[in-house]
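Observations on chain architecture
The primary structure of each chain is shown beneath.
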Amino acid sequence: LPLVLFAMGNYLLHSSDQWMINAILGNADAGLYGFAYKIGMLMTGLITALIHATNPNYYKWMNNGTFNEVVKQVQSMMKLLVLAACFLIFFAGDIGYIIDYNGKVSDSLILDPIIVLGYLFFGFTHIFNRDLYYSKRNMLLFYIILVAGAINFALNYYFLYHKGEGYAVAAYTTLASYGVMFIGS
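Summary of the structure given here. On a predicted model such as this, the values are computed, not experimentally measured, just so you know. Residue indices begin from 1 for each chain and proceed along its sequence in written order. Two thresholds apply to this predicted model, a pLDDT of at least 70 for residue-level local features and 80 or more for giving and counting side-chain atom pairs, whereas whole-chain, interface and lining totals are computed over all residues. To obtain the side-chain values, all non-hydrogen atoms of the structure were included, while hydrogens and water were left out.

With 46 residues, the main nonpolar core has Y33, M43, L81 and M181 as its most contacted residues. A run of DSSP states H or I qualifies as a helix once it reaches four residues; a run of E qualifies as a strand once it reaches two. Both are numbered from the N-terminal end. Elements supplying a minimum of two residues to this core: α1 (2-24), α2 (27-40), α3 (42-64), α4 (67-99), α5 (112-134), α6 (138-162) and α7 (169-184). Top contributing element to this core by residue count: α5, with nine residues. The contact definition used throughout considers only heavy atoms, calling two residues in contact when any of these lie within 4.5 Å. In contact with M43, not counting residues within four places along its chain, are L81, A84, A85, L88, V116, Y119 and L120. Side-chain atoms within 4.5 Å link the members of a nonpolar core, which is a set of buried Ala, Val, Leu, Ile, Met, Phe, Trp, Tyr and Cys residues. Each residue is placed in one exposure class: buried if its accessible area under a 1.4 Å probe, protein chains only, is under 20% of its type's maximum, exposed if it is over 50%, and partly exposed if it falls in between.

Below, the discussion takes up the pattern of salt bridges. The working definition used for a salt bridge is a side-chain nitrogen of Lys or Arg within 4 Å of a carboxyl oxygen of Asp or Glu. Overall, the coordinates contain one salt bridge when judged by the stated rule. K72 is the partner of E69 in a salt bridge, and the nearest nitrogen-oxygen pair spans 3.5 Å. With E69 and K72 both in helix α4 and three residues apart, this pair spans about one turn of that helix. Residue E69 is classed as partly exposed on the basis of its relative accessible area, which comes to 27%.

Locating S108 in the fold gives a position in the loop between α4 and α5. The residues touching S108, leaving out its near neighbours within four places in the chain, are L32, F35, A36 and Y167.

One axis is fitted to the seven residues ending at the residue and one to the seven starting there. The bend at that residue is the angle between these axes. At F91, α4 shows its strongest bend, of approximately 55°. If you follow the buried residues of α4, they end up packed against α2, α3 and α5.

Here we take up the packing of α4 against α5. Taken N-terminus to C-terminus, the directions of α4 and α5 make an angle of 165°; their axes are 9 Å apart at the nearest point. Comparing their axes, α5 and α4 come out roughly antiparallel. Crossing angle aside, the handedness with which α4 passes α5 is right-handed. Every residue of α5 that contacts α4 at Q73, V74, M77, M78, L81, V82, A85, L88, I89 and A92 is listed here: D112, P113, V116, L117, L120, G123, F124, I127, F128 and R130. Broken down by class, the residue content of the contact of α4 with α5 amounts to 16 nonpolar, two polar and two charged. Throughout, an axis means a line fitted to C-alpha atoms (over the contacting stretch in the case of helices), and angles, computed between N-to-C directions, take values from 0 to 180 degrees. Any angle that falls under 35 degrees is termed roughly parallel, while one over 145 is termed roughly antiparallel, one within 65 to 115 roughly perpendicular, and all others oblique. The handedness criterion is simple: a crossing whose near helix is rotated anticlockwise from the far helix by less than a right angle is left-handed, and one whose near helix is rotated clockwise is right-handed. Just so you know the grouping, Ala, Val, Leu, Ile, Met, Phe, Trp, Tyr, Cys and Pro go in nonpolar, Asp, Glu, Lys and Arg go in charged, and all remaining residues, Gly too, go in polar.

Turning next to the packing of aromatic side chains. Here is the rule: rings of Phe, Tyr and Trp (six-membered ring for Trp) pair when centre to centre is within 6.5 Å. Planes less than 30 degrees apart are stacked, more than 60 are edge-to-face, and the remainder are tilted. Summed over all chains, the structure comprises 17 aromatic pairs. Ring geometry for F124 against F182: centres 5.8 Å apart, planes inclined by 50°, an arrangement best described as tilted. With F124 in helix α5 and F182 in helix α7, this residue pair connects regions lying 58 residues apart in the sequence. For F124, a relative accessible area of 10% puts it in the buried group. Ring centres of F142 and Y143 lie 5.9 Å apart, and the angle between their planes is 50°; this geometry places the pair in the tilted category. Lysine NZ or arginine CZ positioned within 6 Å of the ring centre and within 35 degrees of the ring normal marks a charge as sitting over the ring. Sitting over the ring of Y58, R130 keeps its end group 4.1 Å from the ring centre.

As structure tokens, this is what we get:
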């Protein structure tokens, strides 16, 4: 049950920004933010592939007590994620311009470096969460996502509704939420 709640919390954390932008600022702003966010989400494909590809060795090394191998693996994974994040930070705008052949939503691409940094923290979090999975402390995963989601919701509500900031603030609130998740892991 905690893993189901954790997965649902991850989904809500990913989607709540767009829902709130749509409800508070309108669908045009939600569409602009969504376009930039989808390009930043390319990181999730790499994160998922890395986690699934490395888990067999991770569990084998943890069971055998060869923790130095785990440390080497984590270092390699983190280097790869940083490299991918750098690539996307530099080239997300170009990718977006190619996709946006009409030039109607490309202005939102300035947010991609912030979104990619958020996903970098998201990736680091999932690397370190493997220790929580291994030690069967699944409820802690739920608490981490609950706190991060509540922070994201509160910050978005405050800045979008009360302060009247534009949709760009949602990228920063999500970055902060993913930072909290990383610290909590």
